[in-house]
Amino acid sequence: MSGLYLPHVRDLLVKPALAALPAVLNTLSAQQGVLGIGLKESGYTYLKQLGSGPALGFWQMEPATHDDMWANFIRYRPELQKPLFALADGQPSAQALVTSPVYAAAMCRVHLFRQQDALPTAGDAVAWAAYWKQHYNTLGGAGVAEQAIPLFRAAMEA
C-alpha cells in the first residue's frame, strides 16, 4: 500500500511537522488527514510526480501552489513563517518539498489551514476522502474520492 511504513511516516514526519506549527493546527484529525493525503498522493514512494507533472514531495504539491502560499498567505502570518523557515533549513523553496519531507508535511497542513471549510472529524475516512478531493486534489483533478477512502482508513489505523 505504501513505500514507507505508515507509523514511521506519522511519527517521524507528520507529527514533528505539525508540532512545529501553532498548536491549533496540531490536532488528531490534522495528523490523520496529512498522513492520508501523502498516502493518496504518492504512496510514500514518489518524490516527483510521475510523467511530466510538476508536483513535488510525498504530498505532491505543485511549485506554483507552494509559491502562491508563500506570496499570498504565509507572508502575512509570522506565526507560520518562523517554523516553516526552520523546517526548510532557512530555504523555503519548492525544492524543499523534496529535500525536507517534514517541511512538505507542514506545507500540506498549511494548505489545509488556508481552506475555509473546517477539517473533518478525526477517524472519518469518508469525510477526509471528500475533503482531500475538494480542497487538495481539487474538483477538476484526476483523483477520485471513493478510491481514497481505504487510504484514509489506513492512515487512521496507523
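Residues numbered from 1 in each chain as written. Predicted model: local features only at pLDDT ≥ 70, side-chain atom pairs only at ≥ 80, totals over all residues. Heavy atoms only, no water.

### Structural notes on the packing of aromatic side chains
By the definition in use, this model includes seven aromatic pairs. For the ring pair Phe73 and Phe113, a centre distance of 5.8 Å and an interplane angle of 70° mean the geometry is edge-to-face. Placement of the pair is Phe73 in the loop between helix H3 (63-72) and helix H4 (78-87) and Phe113 in helix H6 (residues 101-113), with a sequence separation of 40 residues. Relative to Tyr131, the ring of Trp128 lies with its centre 5.3 Å away and its plane at 65°, an arrangement referred to as edge-to-face. Remark: Tyr131 and Trp128 occur in helix H7 (residues 125-137); sequence separation between them is three residues, near one turn of the helix. Take Trp128 and Tyr131: they sit in the same class, and that class is buried. Its end group placed over the ring of Phe73, Arg77 keeps NZ or CZ at 3.8 Å from the ring centre. (Phe/Tyr/Trp six-rings, centres within 6.5 Å; stacked < 30°, edge-to-face > 60°. Helix = DSSP H or I, 4+ residues; strand = E, 2+ residues; numbered from the N terminus. Buried < 20%, exposed > 50% of the residue type's maximum accessible area, 1.4 Å probe, protein only. Lys NZ or Arg CZ within 6 Å of the ring centre and 35° of its normal.)

### Comments concerning the side chain of Gln32
Among the structural elements, Gln32 can be located in helix H2 (residues 28-42). Note on Gln32: relative accessible area 9%, which makes it buried. Apart from residues lying up to four places away in sequence, Gln32 is in contact with Ala122, Gly123, Phe152, Ala155 and Met156. (Contact = heavy atoms within 4.5 Å.)

### A short note on the layout of surface pockets
The space that makes up the largest pocket amounts to roughly 440 Å³. If you go around the largest pocket, you meet 19 residues; those closest to its centre are Glu41, Ala55, Gln60, Glu62 and Asn137. Mapped onto the lining of the largest pocket, the elements with two or more residues apiece are H2 and H7. Here the lining of the largest pocket takes four residues from H7, the largest share from any one element. Taken together, the residues that form the lining of the largest pocket break down as seven nonpolar, nine polar and three charged. (1 Å grid on protein atoms, 1.4 Å probe; cavity = no way out; pocket = protein on both sides within 12 Å on 5 of 7 lines; lining within 4 Å. Points joined across faces, edges and corners; volume = space filled by probe spheres on them. Nonpolar A, V, L, I, M, F, W, Y, C, P; charged D, E, K, R; others polar.)

These figures capture arrangement, not role.
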